[in-house]
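Spelled out from the first residue to the last, the chains are:
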Amino acid sequence: MNPVAIVYNTRAGKGRSKKLVDRVSTVLRKRSVLFESFEDEWPKDYSGYSSVWIFGGDGTLNYFINHAIQPLPPLAIFKGGTGNDFATLLYNEASADEMVDIILNAKPRPVDAGVCNSQLFLNMAGLGFDGQALKNMQTIRWMGSFVGYYYAIIKTIFSYKEPYYLISVDGGSPVTDPLLLVQIANSSTTGGGFKVSPLADIADGKFNLMRCDPLGVYKRLIKLPLVRKGKHLELSFVTHDFVEHVKIETQAPIPAQLDGELIYADHFEFSILPGYFRFLY
């Protein structure tokens, strides 16, 4: 049987990944499971492995899928980063030992991926406000995922000005609107537990496109707790649709995030890739 490939990022989660790898390696040795570990510098070709176990956060996972040669063997992701939204979605609150049991006994299940301007993502993309919040968070990562993300959002609430977006959905006619928030979600949560898109499903072949109209500072503040709990979809200023392809243009480059990775552009093209990856969960 081919070995498991273990890849990890020593910088993720303030060293948490390395501790998790040590723990999981001990468990695998006791079970006589063959594996090879790769620290920071990873191979690109995984065709000789039975599966790949990734240790890190959403950013580590995003880096991996964008640099490894496709197609990939079945994947697993351990919660070793600052933001672990995708791993939490798959494994809930399972411990590392429990995750080993789940993964070794699981059959590969198809998981959709998104692609934005040729870059893959698994969780979600956020334009404008979300990108600016991540930019603000870059200087406060020491605060941790949830607290840091919340602080960055509060800071953004008081300073952010809504740009105009030209948006075309599934080949339809483009519509121009000023918007506070634009989210293209494959998964349901971001920022360490913010349920921004609670109806998104990683295996339905669709994005959940969410848009929020402009809001004043006071209304932004009082509605923020609803977003954290996923209670915002019925608000009059929020719309959400299930889509497969989205084109977005802005008058000037704006910040955006893909799985927590900051990018800048004035043109974004999103497509869903149904069942593109297989995960063990």
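Our subject is the structure listed above.
Residues numbered from 1 in each chain as written. Predicted model: local features only at pLDDT ≥ 70, side-chain atom pairs only at ≥ 80, totals over all residues. Heavy atoms only, no water.

Once that is clear, we can look at the nonpolar core. When a protein is soluble and globular, its nonpolar side chains tend to lie buried together. Counting residues in each nonpolar core, the largest one holds 48 residues, and the members touching the most others are Tyr-46, Trp-53, Phe-64 and Phe-279. When near neighbours in sequence (up to four residues on either side) are disregarded, Tyr-46 contacts Ala-5, Val-7, Val-52, Phe-64, Ala-68, Leu-72 and Pro-73. Of all hydrophobic cores here, the second largest spans 42 residues; its members include Ile-153, Tyr-160, Ile-167 and Ala-200. (Core = buried A, V, L, I, M, F, W, Y, C linked by side-chain atoms within 4.5 Å. Buried < 20%, exposed > 50% of the residue type's maximum accessible area, 1.4 Å probe, protein only. Contact = heavy atoms within 4.5 Å.)

Bringing the packing of helix α1 (residues 16–30) against helix α4 (residues 96–105) into the picture now. A pair of packed helices is captured by two measures, namely the crossing angle of their axes and the spacing between those axes. Contact pair α1 / α4: the axes reach a minimum separation of 10 Å and the direction vectors enclose 55 degrees. Between α1 and α4, the crossing angle belongs to the class labelled oblique. As α1 runs across α4, the sense of the crossing is right-handed. Between α1 and α4, the residues in contact are Leu-20, Arg-23, Val-24, Val-27 and Leu-28 and Ala-96, Asp-97, Val-100 and Leu-104, respectively. (Axes fitted to C-alpha atoms, helices over the stretch in contact; angles between N-to-C directions. Helix = DSSP H or I, 4+ residues; strand = E, 2+ residues; numbered from the N terminus. Parallel < 35°, antiparallel > 145°, perpendicular 65-115°, else oblique. Left-handed = near helix turned anticlockwise from the far one by under 90°.)

Let us now look at the environment of Ala-106. When you line up the elements, Ala-106 lands in the loop between α4 and β5 (109–116). Residue Ala-106 is classed as buried on the basis of its relative accessible area of 19%. Separated by 48 residues in the primary sequence, Ala-106 and Asp-58 place their C-alpha atoms 21 Å from one another. Contacts of Ala-106, omitting those with residues within four sequence positions, involve Leu-280 and Tyr-281.

Now for the packing of aromatic side chains. Under the definition given, this model contains 13 aromatic pairs. Seen in terms of ring centroids, Phe-121 and Phe-270 are 6.1 Å apart; in terms of plane orientation they differ by 90 degrees. Their pairing is edge-to-face. Taken together, the residues Phe-121 in strand β6 (residues 119–121) and Phe-270 in strand β14 (residues 261–279) connect sequence positions 149 residues apart. Accessibility assignment for this pair places Phe-121 and Phe-270 in one class, buried. Through pairs of rings, three or more aromatic residues link up here, namely Phe-38, Trp-42, Tyr-46, Tyr-49, Tyr-63 and Phe-64. (Phe/Tyr/Trp six-rings, centres within 6.5 Å; stacked < 30°, edge-to-face > 60°.)

The values are spatial; any link to function lies outside them.
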